[in-house]
Amino acid sequence: MKSLSEHEAVSTYTKVILSVYAIVFLAAVYCLPVAHIGLPLLLFALLAVRASSSFPVKIAGAGNHIYLTDSFLLLSMLVFDAEAAAVLACVVTPCVLLHSSKSLTALICRSAISILPTFLVALLLRFGFGSVPELIQAGDAPAIITALGALIVAQSIVSAGITLTGRSASPQQKRWQAFVKSYLKPLSVYLAAGCVAGLAAGVTHAVGLNPVTLAGVAVAIAYFAYTSYRDNHFIRVPAQAQVAVANTSNAQSDEDRFRNAFDFAAIGMALVSSEGRWLQVNRALCKILGYSEREMIITDFLTVIHPDDLSVAVEAIKRLRKGNSTIDQCEVRFQHKSGHKVWGLWSASLAGGSHAASTPLVFQIQDITDRKRAEEQLQHEAMHDVLTGLPNRAMFIDHLELAIARAQRNEARKFAVLYVDLDRFKIINDSLGHAVGDQLLKEVAVRLWKCVRAGDTVARLGGDEFVLLLEDIYEENEAIEVAERIKSELAASFTLNGREVFTTVSIGVASSWTSYHQAEGLIRDADAAMYRAKSLGKNRHEIYDSAMHAQVNDLLQMETALRMAVERNELVVYYQSIVDLETFKISGFEALVRWNHPERGFISPANFIPLAEETGLIVDIGEWVLREACRQMERWQKIFPSDPPLFVSVNLSSKQFIQSDLIQRVTQIIAETKINPEGLKLEITESAVMDNVETATQMLKNLRALGIKLSIDDFGTGYSSLSYLHRFPIDTLKVDRSFVVNMSEDGENVEIVRTIVSLAQNLGMNVIAEGVETKEQLAALRKLGCENGQGYFFSKPVGAKAAENLICDTYTVEPTVETLVNSARPHEKVVRYSQVA
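In every chain, residue numbers begin from 1 and rise along the written sequence. Side-chain atom pairs in this predicted model are given and counted only at pLDDT of 80 or more, local residue features only at pLDDT of at least 70, and totals for whole chains, interfaces and linings cover all residues. Only heavy atoms go into the side-chain values, all of them from the structure, while hydrogens and water stay out.

With that settled, the discussion passes to helix α17 (residues 434–450). With 17 residues, α17 extends 25 Å from end C-alpha to end C-alpha; this agrees with the ideal 24 Å at 1.5 Å per step. Packing partners of the buried residues in α17 comprise β8 (414–423), α16 (425–432), β9 (457–462), β10 (465–473), α18 (476–491) and β11 (494–496). Secondary structure elements are taken from DSSP: a helix is a run of H or I of four residues or more, a strand is a run of E of two residues or more, and numbering for both begins at the N terminus. What a helix is expected to span follows from its residue count: subtract one and scale by 1.5 Å. Any two residues whose heavy atoms approach within 4.5 Å at even a single point are treated as in contact.

Right, here's the structure in full:
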């Protein structure tokens, strides 16, 4: 990179050159004799500019050009004298260098470097030889040759000196290299230019300035006219001929390419006459329609298009003829040669763009049969059940909405909906496998179709639930007859994978005799009637009525209220004591939830627990009960310390048991309430652990790892296998109250309880008998070796305060006042044991 001083030197040199150029130009114009200004000088200048621009000579290795400008400037010195040569140099040189200079400053600098040698040499000749034109006119040959040689040498030396002066600011090249490039190589060019100028000057003085100038202009005009003619005639005319030949060849090639593209196109293409006859067809179209090209040509368009789509095609062609569009496209059907239907994306346009009646048509036909089949399949699947092929819920609702609309227009057109649900399908599905369950559903679908008329609809909503729409019935009894027919048809056995299977159905009926405006409402009511049939024993039908409607509304209201019960603190935990049958001391409690409704009072668990199970609210309610029970028992453990500690038993619903985060929730509650884990026992029903034995076993082990105890509730009432019992980490078996209540000395239930007690003791478990209500039952249980009992004989479920009093009644060690104070809640009154007792 150049230093700052080098840049300043270059800048100074440029400024000097520009200043000298301005001085030279002004001095030359001032000193130019008026006699020399005229037409010859002007023509000479124009000729010099034109000729010099047209014939540049490149200097080998120099990277630049020497133009004929030097010859014309030397000639102007010999003919017009030094002042005229300087003026011409200032005008001609910039014109010649204009096309190769990148900026105005560069143009002026390059012009000045060429002009200064001419001006300096002209001054030297004036002082050394006087007026050069006069010397030539005198005919002194030795003097002329000497002056011309001196002119050439001086021109080369001065030009090289100015160039080297400018390059001295850039010392990257050696002096001798610059001298060779700036003087020795151009010297030969200046010698040639001097010789040409000398000869031309002699001719000019011999013949006269005006004749020579005019002759030069004439020659220049003739030359440039010739070159122009040569370029136009000998170059462009052959080129045009070549273009014409190429265009002809290209046209032939385009036609061949078009023909190949037409014949081998991937889609069907055809040229059709205005009468509809095939003029040209390609291979793809013949393949799509199954005809050969010869067979196609002798037929017409109307032969292959589907009759139902003919009007669509005719209307499209009419729009084209009228100029309403340039191309028309639509999906139409064609008749294949073999007779089957072919879907095609048909595009039609007028050949050549003319709208005349005789203009042929260009057809493009793309086979879209596979796509249309896929669309039809998707539409079918969107409206039909994949397993049975029956209409699905969406299609059934469409049919039902149409039936409602028809009934509203004509009250005589009655209809009914039958909601059909298989009884015990889950048992069949779980015991025999899902493949057998799916096969059963298919067989049921077939039999349901046999029970209805052709215009009726049978649909599958999902699972084992089906719905039927019976249209155009005259009385509600017709729907009942169909329900009876369905029960009879499905009562026959099914043979599935070589096994004989039986099933029954529960059916709910809702009809248009109860006014409906929405399909969902009618399906909902039929569903409610079906559940009513299940609750009344299954394998029967029920008709939806206004009383059932009131019951459904009551359930909806109860559901809404139950959702808000937790937030409004309407739920209360009650405790029923579990008594050691040997010492009659309270060993623990079972936590039971009660709902204290602000308007309806206490609502029976039998009414709201099933609803909570069905809606999933049991998960939140169960977690709340667990937290409250643990908090209460932690307080009792502090007030009434014992070994083993008092425990609270909390029911865990089947929906809670399958929660993926159950372990985390139980762990969090234990940490929050600070209860001794040994004082917490979770009760799980038999059916909950038997739904998925492997998963249930792992879940029970994870719960047991927390230090809590586990109990099987209502043992003996489920479908469990005794072979699995030893695998579960269970601490307690609870005998269902149904066995205890009907127990007598020699009764069958006594043996059942004896078996359960013996089984539990052999597996290292203890037993709690539920439903103990009489002394006789108590005595029998003690005789069988049952460790614990629970029931109204000891205490009904009571609130936390009453339960605490029960503990005090059976507690042998009086708690200290400090213990009661430290464990009491802020709003509770502390009562001494002696006072309670």
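Turning to the nonpolar core, a few remarks are in order. Judged by nonpolar contacts, the single largest core of 83 residues is most densely connected at Phe657, Leu680, Leu682 and Leu703. The biggest single contributor to this core is helix α22 (residues 618–639), with 11 residues. When neighbours within four sequence positions are excluded, phenylalanine 657 is seen to be in contact with Leu652, Leu662, Ile684, Ala688, Val689, Ala696, Met699, Leu700 and Leu703. Core analysis: the next-biggest nonpolar cluster, separate from the first, contains 31 residues, Val420, Leu441, Ile473 and Val482 among them. Side-chain atoms within 4.5 Å link the members of a nonpolar core, which is a set of buried Ala, Val, Leu, Ile, Met, Phe, Trp, Tyr and Cys residues. Type-normalised accessible area, obtained with a 1.4 Å probe on protein chains alone, sets the label of each residue: buried when under 20%, exposed when over 50%, and partly exposed for intermediate values.

We now examine the packing of helix α24 (residues 662–673) against helix α26 (residues 693–704). Note on method: axes are straight lines fitted to C-alpha atoms, helices fitted across the in-contact stretch only, with angles between N-to-C directions ranging 0 to 180 degrees. The N-to-C vectors of α24 and α26 enclose an angle of 20 degrees; their axes lie 10 Å apart at closest approach. With respect to each other, α24 and α26 are oriented roughly parallel. Taken as a pair, α24 and α26 cross one another with a handedness that is right-handed. Contact residues: Leu662, Ile663 and Val666 in α24; Met699, Asn702 and Leu703 in α26. Amino acid classes used here: Ala, Val, Leu, Ile, Met, Phe, Trp, Tyr, Cys and Pro are nonpolar; Asp, Glu, Lys and Arg are charged; the rest, including Gly, are polar. Of the residues that constitute the contact of α24 with α26, the class distribution is 5 nonpolar, 1 polar and no charged. Note on terminology: angles under 35 degrees are roughly parallel, angles over 145 are roughly antiparallel, angles of 65 to 115 are roughly perpendicular, and the others are oblique. Each crossing is labelled by how the near helix is turned from the far one, with a counterclockwise turn of less than a right angle marking it left-handed and a clockwise turn marking it right-handed.

The next point concerns the sheet that holds β8. Ordered in space as β9-β10-β8-β13-β14, the 5 strands form an open sheet in which the pairing is mixed. Unpaired on one side and paired on the other, β9 and β14 (541–543) mark the two borders of the sheet. Geometrically, the sheet is characterised by an average inter-axis angle of 20 degrees between neighbouring strands, direction not taken into account. Note on pairing: two strands pair once DSSP finds at least 2 bridges between them. Strand direction decides the pairing type here: β8 and β10, joined by 8 bridges, are antiparallel. If you follow valine 417 over to β10, its bridge partner there is leucine 469.

Looking now at the sheet that holds strand β4 (residues 278–281). Read across the sheet, 5 strands follow the order β4-β3-β7-β6-β5 without closing on themselves; strand pairing throughout is antiparallel. Taken across any chain shown, the strands that pair with only one partner, and hence form the sheet edges, are β4 and β5 (327–335). Strand-to-strand twist of the sheet, defined as the mean angle between neighbouring strand axes without regard to direction, takes the value 30 degrees. Judged from the 5 bridges that link them, strand β3 (residues 268–272) and strand β7 (residues 361–367) form a sheet pairing that is antiparallel. If you follow leucine 271 over to β7, its bridge partner there is valine 362. Across the sheet, helix α13 (residues 310–321) is in contact with β5, β6 (341–350) and β7; its angle to β6 comes to roughly 10 degrees. The sheet contacts of helix α14 (residues 369–383) involve β5, β6 and β7, and relative to β6 the element is tilted by about 125 degrees.

Before going further, it helps to spend a moment on the side chain of serine 273. In this fold, serine 273 is placed in the loop between β3 and β4. The buried category is assigned to serine 273, whose relative accessible area is 11%. Those residues within four positions of serine 273 in sequence are excluded, and the remaining contacts are Leu279 and Pro360.

Centres within 6.5 Å make a pair out of two Phe, Tyr or Trp rings, where for Trp the six-membered ring is used; the pair is then stacked when the planes are under 30 degrees apart, edge-to-face when over 60, and tilted otherwise. Scanning the entire structure with this criterion turns up 12 aromatic pairs. With a centroid separation of 6.0 Å and an interplanar angle of 75 degrees, the aromatic rings of tryptophan 278 and phenylalanine 301 are classed as edge-to-face. In this pair, tryptophan 278 is assigned in strand β4 and phenylalanine 301 in helix α12 (residues 301–304), connecting sequence segments 23 residues apart. The class for tryptophan 278 is buried, based on a relative accessible area of 2%. An aromatic cluster is built from Trp278, Phe301, Phe334, Trp346 and Phe363, whose rings are joined through pairwise contacts. Only Lys NZ and Arg CZ are tested; either one counts as a charge over a ring when it is within 6 Å of the ring centre and within 35 degrees of the ring normal. Positioned over the ring face of phenylalanine 494 is arginine 447, at 3.6 Å from the centre of the ring.

Here the focus is the packing of α22 against α24. The contact between α22 and α24 brings their axes to 9 Å, and the two run at 30 degrees. One way to sum up the angle between α22 and α24 is to call them roughly parallel. The way α22 lies across α24 gives a crossing that is right-handed. Residues Val619, Glu623, Leu626, Arg627, Cys630, Arg631 and Glu634 of α22 form the contact with α24, whose own contacting residues are Arg665, Val666, Ile669, Glu672 and Thr673. Grouping the amino acids of the contact of α22 with α24 by side-chain chemistry returns 5 nonpolar, 1 polar and 6 charged.

What follows is about the pattern of salt bridges. Salt bridges, as used here, are contacts in which a Lys or Arg side-chain nitrogen is within 4 Å of a carboxyl oxygen on Asp or Glu. Counted according to the given criterion, the structure contains 34 salt bridges. A salt bridge links arginine 371 to glutamate 331; its shortest N-O distance comes to 2.3 Å. You can see arginine 371 sitting in helix α14 and its partner glutamate 331 sitting in strand β5, a full 40 residues away along the chain. Take arginine 371: its relative accessible area is 37%, and that puts it in the partly exposed class. Taking the relative accessible area as the measure of exposure, glutamate 331 reaches 34% and is therefore partly exposed. Glutamate 375 is the partner of arginine 371 in a salt bridge, and the nearest nitrogen-oxygen pair spans 3.2 Å. With arginine 371 and glutamate 375 both in helix α14, this residue pair falls 4 residues apart, about one helical turn. A relative accessible area of 30% means that glutamate 375 is categorised as partly exposed. Among the ionic contacts, a cluster of salt bridges with common partners joins Glu623, Arg627, Asp661, Arg665 and Glu672.

Residues aspartate 643 and proline 644 are joined by a peptide bond in cis, for which omega reads 0 degrees. Within the secondary structure layout, proline 644 lies in the loop between α22 and β18 (647–652). For aspartate 472, which is not glycine, the phi dihedral falls at a positive 55 degrees. Position of aspartate 472 relative to the elements: it lies in strand β10. Judged by its relative accessible area of 36%, aspartate 472 is partly exposed. In this structure, lysine 538 takes a positive phi of about 70 degrees despite not being glycine. Along the chain, lysine 538 falls in the loop between α19 (519–535) and β14.

Counting buried residues along β6, 9 of its 10 residues qualify, which places the element largely inside the surrounding structure. In the sheet, β5 pairs with β6 via 9 bridges, with the strands oriented antiparallel. Note that in β6 the partner of arginine 333 across the bridge is tryptophan 343. Where β5 folds back onto β6 in an antiparallel hairpin, the turn is made up of 5 residues, including glycine 339, whose phi is positive at roughly 110 degrees. Judged from the 7 bridges that link them, β6 and β7 form a sheet pairing that is antiparallel. Bridge pairing in β7 places tryptophan 346 opposite isoleucine 365.

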